[in-house]
Amino acid sequence: GQQVMQIPQYQHVQEGEDFTTYCNSSTTLSNIQWYKQRPGGHPVFLIQLVKSGEVKKQKRLTFQFGEAKKNSSLHITATQTTDVGTYFCAGLRDYKLSFGAGTTVTVRA
Amino acid sequence: SAVISQKPSRDICQRGTSLTIQCQVDSQVTMMFWYRQQPGQSLTLIATANQGSEATYESGFVIDKFPISRPNLTFSTLTVSNMSPEDSSIYLCSVEEARQGGWGYTFGSGTRLTVV
């Protein structure tokens with residue numbers, strides 16, 4: 001079955017630094033979505049990427065979809081304490097959404 | 001975006017009992033999705049609930065254990081039956097909708113279930 005792998009599992013970041021989380025699928029995806037879950041909260045939709053090679057930005061967050069539509073990345077610049085949480089990628093294939101394991105981000109002030 | 005009210009928000013239940021989780025959406029939606037998130041883990045789709053037909057269950061989930069109702073286009077319930085400690089998880093309902101940034105899923109606030 002479809003698997004979406006996400007690395008790293010944990011990311012400890014100094015405030016102000018940049019980091020990237022990566023997502024890889026074993027199969028070609030129709031689209032990929034990214035979600036953020038704050039501690040104790042529920043996942044919140046961030047973005048959807050549909051086109052091969054697509055890049056979208058939301059303020060300090062940059063999302064990319066690979067040319068083969070099998071991988072994606074989320075890059076956060078100048079990390080802030082508000083970026084704390086778990087970031088999930090989720091790949092859509094055959095109308096089913098498969099979530100990666102998530103990257104849990106902690107920030108050192 | 002849609003507003004999803006999910007209840008109860010949390011519960012502690014005795015093993016062998018059942019709990020029904022309710023999910024109310026403020027707009028009509030064709031499909032509603034039920035997910036499970038075990039402690040510190042990712043989200044796993046349990047089933048897709050369509051109004052007027054039986055729910056479609058994912059591999060590893062069966063109707064006898066997780067019966068679902070979908071009486072109308074704004075409401076669904078998930079029952080966790082004959083609970084054991086392994087059922088301790090967060091259960092989330094969700095709907096798919098167009099959002100700023102594309103199509104994505106909106107989740108309810110979740111039900112944190114502890115089975116003792």
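Residues numbered from 1 in each chain as written. Chains lettered and ligands numbered in written order. Predicted model: local features only at pLDDT ≥ 70, side-chain atom pairs only at ≥ 80, totals over all residues. Heavy atoms only, no water.

Asker: Report on the overall build of chain A, specifying residues and quantitative values.
Answerer: Helices and strands together make up the secondary structure of chain A, namely 0 helices and 11 strands. Walking chain A from its N terminus toward its C terminus, one meets helices and strands in the order β-β-β-β-β-β-β-β-β-β-β. The dimensions of chain A, computed from C-alpha atoms along their principal axes, are 40 × 25 × 20 Å. Each of the 109 residues in chain A was classed as buried or not, and the buried ones make up 48%. (Helix = DSSP H or I, 4+ residues; strand = E, 2+ residues; numbered from the N terminus. Buried < 20%, exposed > 50% of the residue type's maximum accessible area, 1.4 Å probe, protein only.)

Asker: If you had to explain the state of the cysteines to someone new, which residues and values would you point to?
Answerer: The tally for this structure, following the rule as stated, stands at 2 disulfides over all chains. Across the disulfide, C23(A) is cross-linked to C89(A) (sulfur-sulfur distance 1.9 Å). Judged by the torsion about the S-S bond (75°), the C23(A)/C89(A) disulfide is right-handed. Of this pair, C23(A) sits in strand β3 (residues 19-25) while C89(A) is found in strand β9 (residues 85-93), placing the two residues 66 residues apart along the sequence. C23(A) gets classed as buried once you look at its relative accessible area, which sits at 1%. Disulfide partner of C23(B): C93(B), at an S-S distance of 1.8 Å. (Disulfide = S-S within 2.5 Å.)

Asker: Describe the nonpolar core, naming the residues involved and giving the relevant values.
Answerer: If you look at the biggest cluster of nonpolar residues, it comprises 26 residues, and the most contacted ones within it are W34(B), I46(B), F66(B), I68(B), L78(B), Y91(B) and L113(B). Put simply, the parts of the chain that give this core at least two residues each are β3 (19-25), β4 (31-37), β5 (43-50), β8 (75-80), β9 (89-99) and β11 (111-115) of chain B. A total of 4 residues in this core trace back to one element, the largest contributor, which is β3(B). The next biggest cluster of nonpolar side chains, apart from the first, holds 19 residues, and it includes L46(A), F63(A), F65(A) and C89(A). (Core = buried A, V, L, I, M, F, W, Y, C linked by side-chain atoms within 4.5 Å.)

Asker: Quick rundown of the side chain of T106(B)? Include the residues and the values.
Answerer: All names here are of chain B. Mapped onto the fold, T106 is located in strand β10 (residues 102-107). Judged by its relative accessible area of 9%, T106 is buried. A distance of 2.5 Å separates a polar atom in the side chain of T106 from a polar atom in the side chain of E97. Here the side chain of T106 touches R99 through a polar contact of 2.8 Å, side chain to side chain. (Polar contact = N/O pair within 3.5 Å; in protein donor to acceptor, adjacent residues only side chain to side chain.)

Asker: Tell me about the pairing of strand β7 (residues 68-72) of chain B, and name the residues and values.
Answerer: Residue and element names in this part refer to chain B. Bridge analysis of β7 against β8 gives 3 bridges, and the strand direction is antiparallel. Among the inter-strand pairings, N72 is bridged to a residue of β8, identified as F75. Between β7 and β8, which pair antiparallel one after the other, the connecting turn spans 2 residues. (Pairing = 2+ DSSP bridges.)

Asker: Lay out the sheet that holds strand β8 (residues 71-76) of chain A in plain terms, naming residues and giving numbers.
Answerer: Residue and element names in this part refer to chain A. Taken in spatial order, the 5 strands of this open sheet run β1-β3-β8-β7-β6, and their pairing is antiparallel. What marks the edges here is a single partner per strand, and that holds for β1 (4-7) and β6 (55-58). Strand-to-strand twist across the sheet, computed as the mean angle between neighbouring axes with direction ignored, equals 15°. Pairing analysis gives 5 bridges linking strand β7 (residues 61-65) to β8, with the strands arranged antiparallel. Across the sheet, residue T62 finds its bridge partner in β8, namely H75. (Axes fitted to C-alpha atoms, helices over the stretch in contact; angles between N-to-C directions.)

Asker: Can you lay out the side chain of S81(B) for me, pointing to particular residues and giving the numbers?
Answerer: Residue and element names in this part refer to chain B. Among the structural elements, S81 can be located in the loop between β8 and β9. Assessed through its relative accessible area of 13%, S81 is described here as buried. Setting aside chain neighbours within four positions, we find S81 in contact with T17, S18, D64, K65 and P67. (Contact = heavy atoms within 4.5 Å.)

Asker: Describe in detail the layout of surface pockets, supporting the description with residues and values.
Answerer: Estimates place the volume of the largest pocket at around 470 Å³. Contributing to the lining of the largest pocket are 28 residues, with Q37(B), Q38(B), P39(B), G40(B) and Q41(B) lying nearest its centre. Only β9 of chain A together with β2 (10-13), β9 and β11 of chain B provide two or more residues apiece to the lining of the largest pocket. Residues that form the lining of the largest pocket fall into these classes: 8 nonpolar, 16 polar and 4 charged. (1 Å grid on protein atoms, 1.4 Å probe; cavity = no way out; pocket = protein on both sides within 12 Å on 5 of 7 lines; lining within 4 Å. Points joined across faces, edges and corners; volume = space filled by probe spheres on them. Nonpolar A, V, L, I, M, F, W, Y, C, P; charged D, E, K, R; others polar.)

Asker: Got a sec to walk through the pairing of β8(B)? Specific residues and values, please.
Answerer: Residues and elements named next belong to chain B. Taking burial as the measure, the 6 residues of β8 include 6 buried ones, the bulk of the element. Here β8 shows a buried face lined by F75, T77 and T79 and a second buried face lined by S76, L78 and V80. The pairing of β3 with β8 spans 6 bridges and is classified as antiparallel. Residue pairing for β8: T20 is matched across the bridge by T79.

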